[in-house]
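If you want the building blocks of each chain, they are given just below.
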Number of protein chains: 2
Amino acid sequence: MKVVIIGGGAGGMPTASNIRKIDKDIEITVITRDNYIAYSPCAIPYVLSNTIESFDDIVMKTPEDYKEKDIEVLTNSEVTDVDNDKKELTYTSEGEVKTMKYDKLVLATGGNSFIPPIPGADLDGVFKIRNINDGKKVKEWIKNCKNVVVTGAGLIGIEIAYAFKELGLNVTLNEMLPQIVPRSLDPDMAEIVTEYLKGEGLNIVLGKPITEIKGDGKVESVVVDSTDENPADMVILATGVRPELNLAEMIGCDIGRWAILVNDKMETSVKDVYAVGDCVESYDAILESNTISQLGTTAVRQAKTCAQTITGKKSKFNPVLNSMVTKVGKLEFGAVGLTTNFAQQNNIKTVSEKIEAFTRARYYPNAKPMDIKVICDADGKIIGCQIIAEERVAERIDTMTLAITEGLDCFDLSNMEFAYAPPVSMVTDPLVLAVDEVSKKFN
Amino acid sequence: MKVVIIGGGAGGMPTASNIRKIDKDIEITVITRDNYIAYSPCAIPYVLSNTIESFDDIVMKTPEDYKEKDIEVLTNSEVTDVDNDKKELTYTSEGEVKTMKYDKLVLATGGNSFIPPIPGADLDGVFKIRNINDGKKVKEWIKNCKNVVVTGAGLIGIEIAYAFKELGLNVTLNEMLPQIVPRSLDPDMAEIVTEYLKGEGLNIVLGKPITEIKGDGKVESVVVDSTDENPADMVILATGVRPELNLAEMIGCDIGRWAILVNDKMETSVKDVYAVGDCVESYDAILESNTISQLGTTAVRQAKTCAQTITGKKSKFNPVLNSMVTKVGKLEFGAVGLTTNFAQQNNIKTVSEKIEAFTRARYYPNAKPMDIKVICDADGKIIGCQIIAEERVAERIDTMTLAITEGLDCFDLSNMEFAYAPPVSMVTDPLVLAVDEVSKKFN
């Protein structure tokens with residue numbers, strides 16, 4: 001059997017590796033447009049800030065490494081046509097057009113940065129940051145910059161803006177919506193992060209779109225809300241990723257509202273064609289409807305499922321909760337499940353509470369404040385949690401992910417056992433303090 | 001209604017506070033032998049090491065604070081007799097014998113340090129560390145010490161030994177059993193902590209009991225295994241805590257193998273008498289039989305349940321998993337559920353795997369090694385987990401506590417979503433890497 005995987009990112013490469021771990025004999029070829037494979041795009045902001053020395057450090061493996069595992073990787077190669085009836089695809093590589101037969105095809109085509117229709121978005125000095133090549137261009141350009149504008153205050157936008165701040169630049173983070181991280185944080189929680197970032201010296205402009213980027217060949221200024229013009233040497237568009245669907249459409253895979261439709265085995269609607277990563281839709285565990293989960297972890301987990309399916313093992317990709325975390329400067333923040341707004345938009349009544357606790361026993365040196373918001377539905381079932389602190393956020397998000405997955409309500413979690421020692425936690429865990437506050441609203 | 005609570009520790013005081021939170025009218029009196037209340041005994045080692053400045057810092061509340069909440073606290077007072085038929089108790093306070101009526105009685109009598117029958121255990125310079133007064137005596141005595149022996153390598157013993165090491169003393173940690181933390185860690189995991197502690201300069205003697213403490217009035221040397229005599233200026237007995245059962249026996253409460261028997265509402269066998277904390281038995285969630293869970297967190301959670309029961313609210317104390325964590329120096333380690341040995345002693349076949357992962361993305365600065373051991377039963381159901389690393393241990397233990405509580409097997413956890421960002425985790429969480437290794441043994 002021959003498996004061809006299109007795409008060499010967090011969906012494609014782990015699919016290849018996982019198949020090989022299970023089966024020594026399957027022929028595996030990965031075809032990717034990129035010249036780098038198996039790197040962590042999430043790490044690009046940290047290379048920009050010089051926290052990580054070089055882009056080479058975030059490339060975990062080369063095509064040669066995969067060759068040792070008997071996995072063929074064709075970089076700088078683009079698939080241009082797929083004939084799934086004949087099980088044959090056409091691709092260009094080093095200027096040549098070639099064909100390749102396959103038995104099973106995996107679409108791990110990822111997505112492309114969304115470029116908003118702003119006049120001037122094509123000027124030199126306007127960048128997206130999707131892959132290492134983008135990162136390298138930015139790292140070069142930035143050498144001559146003083147004023148930088150990042151538009152889009154999702155995680156990537158914030159991480160990149162903070163990286164530039166660390167380089168000593170004058171940075172403006174611009175977001176069309178009235179708050180940062182609108183997908184994952186409630187306004188009151190987002191406000192805490194916003195205040196921190198302002199305190200670190202970032203200019204934050206909310207609720208106003210960039211309406212024009214001006215310049216003669218290259219960026220010179222940015223106009224916000226049609227009126228407010230400010231000098232800029234560089235603009236970063238961190239305005240989201242759109243699934244790359246060309247090949248899927250060519251093959252005739254069913255496409256949903258946003259991306260390729262797959263079942264929980266990562267099978268598309270077309271026989272012998274599978275899909276994973278940023279180009280597919282996932283199933284939302286709370287809403288019980290499709291969603292889009294463009295996270296590296298989602299891609300990696302889907303790759304595991306896809307490899308199990310292809311090799312005939314038991315496989316199942318679970319519904320997602322889009323748990324996320326990041327750390328900017330000293331501040332770590334994360335979230336899982338639905339925000340209050342998103343729940344209400346989906347006709348779910350919410351009961352929530354936000355508390356302030358500590359990361360260690362109150363009396364223990366360097367105990368840091370921890371803000372926690374827990375969101376329940378009208379029956380007390382936990383449907384979301386958001387946490388901000390200087391330490392110990394990520395794993396609490398994971399505990400809440402499991403709690404939501406298992407359908408726990410705030411009363412269940414209140415009775416749960418938590419490990420305690422003064423240097424690492426409070427005697428009553430902050431999560432319990434939070435759910436206890438929510439519980440009171442049900443009395 | 002009048003509730004009298006005997007004991008002012010992590011069981012007694014929270015019972016009082018929780019009752020008051022629910023009901024403004026119940027009369028509440030706490031009677032305690034101690035002169036301090038509402039402090040954290042877990043924090044004593046950190047005061048000894050000067051990490052926390054003073055014993056005053058770990059006292060969270062005074063009797064006056066409770067008075068403001070209309071809770072009467074009698075310190076330095078000892079209950080000597082209880083007549084539950086008459087609902088009347090006798091106590092001594094400031095040399096006077098007094099009586100008090102009650103409607104409901106809560107036994108939060110805690111436990112006493114076990115003093116092993118070692119010749120010389122009564123010499124000056126031999127201490128137990130159970131309460132602040134013990135801590136103060138030790139802090140005074142230590143000023144003239146050079147060589148210190150701590151016997152008993154459970155958490156408290158290790159924390160105290162490390163505290164003395166931080167003061168620059170020559171410290172020997174002695175454990176009768178062949179490994180440290182025998183209740184919570186497997187030998188291979190305990191060995192990692194042992195090596196760390198040795199590297200920090202502690203002398204560790206395992207598998208050999210102290211057979212004699214020698215000295216003329218005060219400690220001068222310690223004899224190990226009847227042969228090996230070493231100089232010592234101080235000996236700390238960290239050899240466990242025995243439940244204080246005198247009053248419970250006097251009242252006629254049913255006593256189990258170790259302590260007072262209570263149901264999941266914290267009711268004893270005697271009407272209107274309740275018990276919480278170190279003096280009661282808990283129910284082990286995995287073994288489905290009674291156990292003893294002498295943890296501050298257990299006492300605090302039982303207090304919550306007890307207050308709910310007394311005030312007529314829905315209440316249920318769940319079976320325990322004895323999750324624990326501590327941090328000594330840079331090293332954090334924790335565990336939940338059964339060790340391999342303990343499982344096998346209880347006729348549970350185990351399948352386990354130990355892996356080494358990282359606390360952050362491999363390429364991210366200061367990523368630390370993380371050792372994880374996951375223990376499953378013969379069906380793959382998770383029954384124990386032990387973790388050691390320099391960061392981010394406690395909350396992963398909590399996630400595993402919830403996983404065990406919910407009856408998850410290693411395959412379930414393998415599919416779980418974890419939050420990821422390079423500065424705070426690996427793209428595939430160490431817990432998933434660990435359960436995946438265990439899973440392989442079931443193929």
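Residues numbered from 1 in each chain as written. Chains lettered and ligands numbered in written order. Predicted model: local features only at pLDDT ≥ 70, side-chain atom pairs only at ≥ 80, totals over all residues. Heavy atoms only, no water.

Digging into the relation of the copies chain B and chain A
Heads up, the rule is: The fit set for superposing copies consists of C-alpha atoms from residues with pLDDT of at least 70 in both; the fit itself is least squares. It only takes one pair of heavy atoms within 4.5 Å for two residues to be counted as in contact.
Overlaying chain B on chain A yields an RMSD of 0.0 Å, the required transformation being a rotation through 180 degrees with an accompanying axial translation of 0.0 Å. Such a combination of turn and shift is consistent with a two-fold rotation axis. The position closest to the rotation axis in chain B is occupied by the C-alpha of threonine 399 of chain B, lying 2.3 Å away. The share of interface residues of chain B whose copies in chain A are also at the interface is 100%, consistent with both copies meeting through the same surface.

Quick look at the packing of aromatic side chains
Rules: Pairing of aromatic rings covers Phe, Tyr and Trp, the last through its six-membered ring, and needs centres within 6.5 Å; plane angles under 30 degrees mean stacked, over 60 mean edge-to-face, and all others mean tilted. Buried means the residue's accessible area, taken with a 1.4 Å probe over protein chains only, is under 20% of the maximum for its type, while exposed means over 50%, and partly exposed covers the values in between. In this description a helix means any DSSP run of H or I spanning at least four residues, a strand means any run of E spanning at least two, and both kinds are numbered starting from the N terminus. We count a charge as sitting over a ring when the NZ of a lysine or the CZ of an arginine lies within 6 Å of the ring centre and within 35 degrees of the ring normal.
Following the criterion strictly, the structure yields eight aromatic pairs over all chains and no others. Pairing tyrosine 36 of chain A with tyrosine 39 of chain A gives two aromatic rings, centres 6.4 Å apart and planes at 85 degrees, and the pair type is edge-to-face. Comparing tyrosine 36 of chain A with tyrosine 39 of chain A shows no difference in burial state: the two are buried. For the ring pair tyrosine 364 of chain A and tyrosine 46 of chain B, a centre distance of 5.2 Å and an interplane angle of 85 degrees mean the geometry is edge-to-face. Note that tyrosine 364 of chain A is positioned in the loop between β23 (350-358) and β24 (369-377) and tyrosine 46 of chain B in helix α2 (residues 44-48), a pairing that runs across two chains. Across the pair, exposure class does not vary: tyrosine 364 of chain A and tyrosine 46 of chain B are buried alike. Here arginine 242 of chain B stacks its cationic end above the ring of phenylalanine 114 of chain B, 3.8 Å away from the centre of that ring.

A closer look at the packing of helix α1 (residues 12-22) of chain B against helix α8 (residues 296-310) of chain B
All names here are of chain B. Here is the rule: The convention used is that axes are lines fitted to C-alpha atoms, helices contributing only their stretch in contact, and that angles between N-to-C directions extend from 0 to 180 degrees. Roughly parallel covers angles under 35 degrees, roughly antiparallel covers those over 145, roughly perpendicular covers 65 to 115, and oblique covers all other angles. Handedness of a crossing follows from how the near helix is turned relative to the far one, being left-handed for an anticlockwise turn of less than a right angle and right-handed for a clockwise one.
As a packed pair, α1 and α8 sit with axes 8 Å apart at the nearest point and diverge in direction by 40 degrees. The angle between the axes of α1 and α8 places the two elements in the oblique class. As for how α1 packs across α8, the hand of that crossing is right-handed. Here Pro14, Thr15, Asn18, Ile19 and Ile22 of α1 come into contact with α8, specifically with Val300, Ala303, Lys304, Cys306, Ala307, Gln308 and Ile310.

Section: the interface of chain B and chain A
Quick note on the threshold: Two parts placed together each lose some accessible area; with a 1.4 Å probe, that loss summed over both constitutes the buried area. We define a salt bridge as a contact between a side-chain nitrogen of Lys or Arg and a carboxyl oxygen of Asp or Glu at a distance within 4 Å.
Taken together, the contact pairs 59 residues of chain B with 59 residues of chain A. Carbon and sulfur atoms supply 59% of the area buried between chain B and chain A, which totals about 5,100 Å² over both sides. The tally of links between chain B and chain A comes to ten salt bridges. For glutamate 395 of chain A, the salt bridge goes to arginine 396 of chain B, with nearest N and O atoms at 3.6 Å.

Description of the sheet that holds strand β6 (residues 96-101) of chain B
Residues and elements named next belong to chain B. Rules: At least two bridges found by DSSP between two strands are what make those strands a pair.
If you trace the three strands from one edge of the open sheet to the other, you get β4-β5-β6, paired in antiparallel fashion. Every interior strand has two partners, whereas the edge strands, β4 (77-83) and β6, have only one. Averaged over all pairs of adjacent strands, the angle between strand axes in this sheet comes to 25 degrees, irrespective of strand direction. In the sheet, strand β5 (residues 88-93) pairs with β6 via six bridges, with the strands oriented antiparallel. Pairing of threonine 92 across the sheet is with valine 97, part of β6.

As for the pairing of strand β16 (residues 234-237) of chain B
All names here are of chain B. Because side chains alternate across β16, one face comprises the buried residues Met234 and Ile236, and the other comprises Val235 and Leu237, equally buried. In this sheet, β16 lies alongside strand β9 (residues 126-128) in parallel orientation, the contact comprising three bridges. Following the sheet pairing, valine 126 is matched in β16 by valine 235. By the bridge criterion, four bridges tie strand β10 (residues 147-151) to β16 in an arrangement that is parallel.

Side note on the sheet that holds β24 of chain A
All names here are of chain A. One open sheet accounts for five strands, arranged β21-β22-β25-β24-β23; its pairing is antiparallel. Edge positions in the sheet fall to β21 (324-328) and β23, since each of these pairs with one other strand and no more. Each strand axis lies, on average, 10 degrees off the axis of its neighbour in the sheet, ignoring direction. Strands in contact with helix α5 (residues 155-166) are β21 and β22 (331-337); relative to β21, the strand with the most contacts, it is inclined by about 10 degrees. Lying over the sheet, helix α12 (residues 430-440) contacts β23, β24 and β25 (382-389), oriented at roughly 145 degrees with respect to β23.

A closer look at the confidence of the model for chain A
Counted only if it meets this: The score called pLDDT rates the predictor's confidence residue by residue, from a low of 0 to a high of 100.
Mean pLDDT over chain A stands at 96; residues scoring 70 or higher make up 100%. The ipTM for the predicted assembly is 0.95, set against a pTM of 0.96.

A closer look at helix α1 (residues 12-22) of chain A
Counting buried positions along α1 of chain A yields nine of eleven residues, so the element is predominantly enclosed. Buried-residue contacts for α1 of chain A involve β1 (2-6), β2 (27-31), α3 (63-68), β3 (71-74), β7 (104-107) and α8 (296-310) of chain A.

Looking at helix α6 (residues 187-199) of chain A
Residue and element names in this part refer to chain A. Test applied: Expected span, for any helix, means 1.5 Å times one less than how many residues it has. As used here, the arc belongs to the directions running from the helix axis to the C-beta atoms.
The end-to-end C-alpha distance of α6, which contains 13 residues, comes to 18 Å, matching closely the 18 Å that a straight helix rising 1.5 Å per residue would cover. Along α6, the positions that sit buried rather than exposed are Met189, Ala190, Val193, Thr194, Tyr196 and Leu197. Viewed along the axis of α6, the buried residues span an arc of 160 degrees, placing them on a single side of the element.

Points about unusual backbone geometry
Of note in the backbone geometry, serine 226 of chain A takes a positive phi value of approximately 65 degrees without being a glycine. Examined against the element boundaries, serine 226 of chain A turns out to sit in the loop between β14 (218-224) and β15 (228-231). Of the residues examined, serine 226 of chain A reaches a relative accessible area of 57% and is grouped as exposed. In the Ramachandran plot, glutamate 288 of chain B falls in the positive-phi region, its phi being about 55 degrees despite a non-glycine side chain. With respect to the secondary-structure elements, glutamate 288 of chain B resides in the loop between β19 (282-283) and β20 (290-291). Residue glutamate 288 of chain B is classed as exposed on the basis of its relative accessible area, which comes to 57%.

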